[in-house]
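# Geometric and topological summary
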Amino acid sequence: MRTIKAEEVINAVAKMCIDANRYLPEDVRKRFDECAAAEDSPAAKEVFRQLKENYELAEKSGLPLCQDTGLAVYFVEMGEDLKIEGMNIKDAITEGTRKGYEEGFLRKSACDPLTRKNTGDNTPAVIHMDVVPGDKLKITFMAKGGGSENMSRVTMLAPAQGWEGIKKFVIERVAEAGPNPCPPTMVGIGVGGTFEYSAILAKKSLMRKVGDKNPDPKLAELEAELMEDLNKLGVGPMGLGGKTTVFDVKIEMRPCHIASLPLAVNIQCHSARHEEVEL
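Predicted model, so just to flag it, every value in this text is computed and none were measured. (Residues numbered from 1 in each chain as written. Predicted model: local features only at pLDDT ≥ 70, side-chain atom pairs only at ≥ 80, totals over all residues. Heavy atoms only, no water.)

## Focus on the sheet that holds strand β10 (residues 274–278)
Strand order in the open sheet made by the 4 strands is β4-β2-β5-β10, with mixed pairing throughout. Two strands in the sheet have a free side with no partner beyond their single neighbour: β4 (126–132) and β10. Between one strand and the next, the sheet's axes are offset by a mean angle of 10 degrees, whatever the strand orientation. Examined bridge by bridge, strand β5 (residues 137–144) and β10 share 5 bridges and lie antiparallel to one another. (Pairing = 2+ DSSP bridges. Helix = DSSP H or I, 4+ residues; strand = E, 2+ residues; numbered from the N terminus. Axes fitted to C-alpha atoms, helices over the stretch in contact; angles between N-to-C directions.)

Spelled out as structure tokens, the structure:
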């Protein structure tokens, strides 16, 4: 049995919260350059120029990439032969979130759903836990902004609708979202499972790096097909038109009930702020 002190987890999580909000991930920067080079529209090219200027200023100044520094979302893989000393894992992650958002001067966005009273420290964090073999701890963080999250949807399709029904729903959702999620966006799609699990799959898919291919060849093919169709919408960067409405599409799929076809679409803004640490 391996032991990690809770303080180590807290500090690692705090650093992820700060870094993800200040530094645009390298995979996203690379895709921005590729998309900008492919654009013909002067307006689209100018948006990409401004996005680049924004992430360079954030890096130099230490200010956040966006004023919406998001709710803290984590996917955690904890080895079954690992123990956290001094605090349970969820409490340590929550404390790390509190520390990161306070010390990084990041906006606190968590509030009561009805009274709208702010919790004051951006907690509680949203934590999805998996127990895995081994003695390692892997934590993946996403700062999830409200604008893109509000454009996300879950539906239950009829099984007979199949892939064409899935594609139709996703394309209509991105078209209806228009400029609201600050495109170009990354679209996460969860297919199968149950009503709530399809949404978790969609969220989890957004943790994958931009540009990586799905290990399942069939899903990789469907991702590419859907990305091509979505970019034909012409919404473009910040909704001003262009070839780049989305810069990546990710699909996660699981078996579902014979009478159901759960589908979730989780849209992520152009910053796609994510960080990962292994302890």
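## Some thoughts on the layout of surface pockets
Roughly 500 Å³ of internal volume is contained in the largest pocket. The wall of the largest pocket is formed by 22 residues, among which Leu71, Lys144, Gly145, Gly146 and Glu149 lie closest to the centre. Those elements that provide at least two residues to the lining of the largest pocket are β2 (71–79), β4, α5 (146–149) and α7 (195–205). No other element matches the 4 residues that α7 contributes to the lining of the largest pocket. Considered class by class, the residues forming the lining of the largest pocket number 8 nonpolar, 7 polar and 7 charged. (1 Å grid on protein atoms, 1.4 Å probe; cavity = no way out; pocket = protein on both sides within 12 Å on 5 of 7 lines; lining within 4 Å. Points joined across faces, edges and corners; volume = space filled by probe spheres on them. Nonpolar A, V, L, I, M, F, W, Y, C, P; charged D, E, K, R; others polar.)

## Brief notes about the state of the cysteines
For the coordinates displayed, the defined rule picks out 0 disulfides. Here Cys17 is not disulfide-linked; the sulfur of Cys66 is the nearest cysteine sulfur, at 16 Å. Of the residues examined, Cys17 reaches a relative accessible area of 0% and is grouped as buried. The thiol of Cys269 is not disulfide-bonded; the next cysteine sulfur, from Cys182, is found 6.4 Å away. (Disulfide = S-S within 2.5 Å. Buried < 20%, exposed > 50% of the residue type's maximum accessible area, 1.4 Å probe, protein only.)

## Here's the deal with empty space enclosed by the protein
Gaps left between atoms are located by rolling a probe of water-molecule size over the structure's atoms. Across all of its chains, the model carries 2 cavities of 30 Å³ or more by this definition. Each pocket or cavity is described by its volume, and for the largest cavity that value is around 40 Å³. Lining the largest cavity, in full, are Val174, Ala177, Gly178, Pro181, Pro183, Thr185, Val235, Thr245 and Ile267. For the lining of the largest cavity, a count of residues per class yields 6 nonpolar, 3 polar and no charged. For the second largest cavity, the calculated volume is near 40 Å³. Along its surface, the second largest cavity is lined by Leu24, Phe32, Leu51, Asn54, Tyr55, Leu65, His270 and Ser271. At 3 residues, the largest contribution of residues to the lining of the second largest cavity is made by helix α3 (residues 42–61). In terms of residue class, the lining of the second largest cavity is built from 5 nonpolar, 3 polar and no charged.

## Section: the sheet that holds strand β9 (residues 261–268)
Strand pairing in a sheet is mediated by backbone hydrogen bonds. Such pairs are either parallel or antiparallel. A sheet is described by the order of its strands in space; here 4 strands give the open sequence β6-β9-β7-β8, paired in mixed fashion. Each end of this open sheet is capped by a strand with a single partner; those strands are β6 (153–157) and β8 (246–256). The mean inter-strand angle of the sheet, taken between neighbouring strand axes irrespective of direction, is 15 degrees. Bridge analysis of strand β7 (residues 185–193) against β9 gives 6 bridges, and the strand direction is antiparallel. Counterpart to Val191 in the pairing with β9 is Leu263. Of the strands in this sheet, β6, β7, β8 and β9 are in contact with α7, which crosses β7 at around 145 degrees. (Contact = heavy atoms within 4.5 Å.)

## Quick look at the environment of Met87
Relative to the elements of secondary structure, Met87 occurs in the loop between β3 (82–85) and α4 (89–103). Judged by relative accessible area, which is 30%, Met87 ranks as partly exposed. A sequence separation of 81 residues divides Met87 from Ala6, and the C-alpha atoms of the two residues are 5.7 Å apart. If we ignore the near neighbours within four places in the chain, the residues touching Met87 are Ala6, Ile10, Ala92 and Glu95.

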